[in-house]
Amino acid sequence: MAIGAYNSSADMEMAREISKDLAREALRKAAKEGVKKGSKKLILWLVGTVGLTATIIIFVIILIAMVAVLGIFMKNTFTPYGTAPYGYYDGGMGLGLSPVLGAWSIVAGGEFGAPRDYGPHEGVDLAAPLGTPVVAMAGGVLKFDETALGGLAIFLKGDDGRTYVYMHLGKRIGYSGLRVKAGEVIGEIGMTGRTSGPHLHFEIRENGKPIDPMPFLKSIVLPEELVFKDIDAQRTIDWINSYLRKDSLIATPENLNTLIDVGRQFNVNPLLLIAITGQEQSFVPAGSSSRILGNPFNVYGSWESYSPGLETSAQVAARTIVSLSRGRPDGEHPIHWLNSAENPNGMYATDPTWWRGVTWFFNSLQTNS
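Cut-off values and rules
Residues numbered from 1 in each chain as written. Predicted model: local features only at pLDDT ≥ 70, side-chain atom pairs only at ≥ 80, totals over all residues. Heavy atoms only, no water. Salt bridge = Lys/Arg side-chain N within 4 Å of Asp/Glu carboxyl O. Buried < 20%, exposed > 50% of the residue type's maximum accessible area, 1.4 Å probe, protein only. Helix = DSSP H or I, 4+ residues; strand = E, 2+ residues; numbered from the N terminus. Axes fitted to C-alpha atoms, helices over the stretch in contact; angles between N-to-C directions. Left-handed = near helix turned anticlockwise from the far one by under 90°. Contact = heavy atoms within 4.5 Å. Nonpolar A, V, L, I, M, F, W, Y, C, P; charged D, E, K, R; others polar.

Draft legend 1. Structural view of the pattern of salt bridges. Summed over all chains, the structure comprises eight salt bridges. A salt bridge links Glu203 to Arg205; the shortest N-O distance between them is 2.8 Å. For Arg205, a relative accessible area of 22% gives the class partly exposed. When the shortest N-O distance is used, the salt bridge between Arg264 and Asp230 registers 3.6 Å. With Arg264 in helix 5 (residues 253-266) and Asp230 in the loop between helix 3 (214-220) and helix 4 (233-244), this residue pair connects regions lying 34 residues apart in the sequence. Given a relative accessible area of 25%, Arg264 falls into the partly exposed group. Salt bridges linked by common partners bring Asp160, Arg162 and Glu206 together as one network.

Given below as structure tokens:
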């Protein structure tokens, strides 16, 4: 139909909609005017009945009651874009690394001391997918070896006096004599040597004798939800810019890859680090102080007092996550535990609702990254 042509049914429908809009607007104005007149009459009546001072007291009491009701309502809600400079807890417990960069499980019969045809099992067998990175548990020097039983192996002579043994590797990174830092990727899960499935045979030796690694691992392993997972950086950037913060300084290739690298180093899901920047500093909007970008996690109090740069502050935040994750009770929400008053290791933030905002961002990023 050409523009301007007459269509009775369409025009009638349009007329009805216009009439509805006019009626709604008239009602809105009438209600507004009624409230205004009613409020004025109420105030004049109160002043005339109980006096000006008493009227003011009454309205103050009403205001306090409204604030109290609002507080009760807000108790179980949270504001995702929190920007307050919350507190920080480290605990001084060190890096808290796992030898496998990702989720793992103990192979049935792969426990320390389990019987073998050659004697007691001297390590633990940690099952993980082929190609999963393995990392140095301590700073030290690598020594490569290969045997029919252990396949491709690495002996890491740690600066802490212990020797860390990695066997059945599919790939080794570096060379014998290479000095590495704690958390540095040194190989990948494989199936070399005598093995029926992909896993890492991992040992810790003190004074040349194998000791049970599990007391170390049980105290440092993050819950599966929080361990490192590689992410699509560009997709994450697009999601943040489209739905969370259009002008985020975090959502740039350089800065996001910095957080991914730190997550890989400490075996922490980088989306959790990103989520914390959302809760603490709204993903650092464009135009923010460079000091905020230097500490968007508010570690050591806040960015105002400590701003060492994005990478260093992310490392502190990651180490804090690992430290605070220790001793989490079964069934306890992993992010809530980071900020629980019941956590003997401390709390990440002083705001008790901090974990709600971080969880909201974390779940959104997981779904869309």
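Draft legend 2. The arrangement of the packing of helix 5 against helix 8 (residues 310-325) in detail. Running from N to C, helix 5 and helix 8 point in directions that differ by 35°, and their axes come no closer than 9 Å. Of the two possible hands of crossing, helix 5 and helix 8 adopt the one that is right-handed. Contact residues: helix 5 offers Asn255, Thr258, Leu259, Val262, Gln265 and Phe266, while helix 8 offers Leu310, Glu311, Ala314, Gln315, Ala318, Arg319 and Val322. Taken together, the residues of the contact of helix 5 with helix 8 sort by class into seven nonpolar, four polar and two charged.

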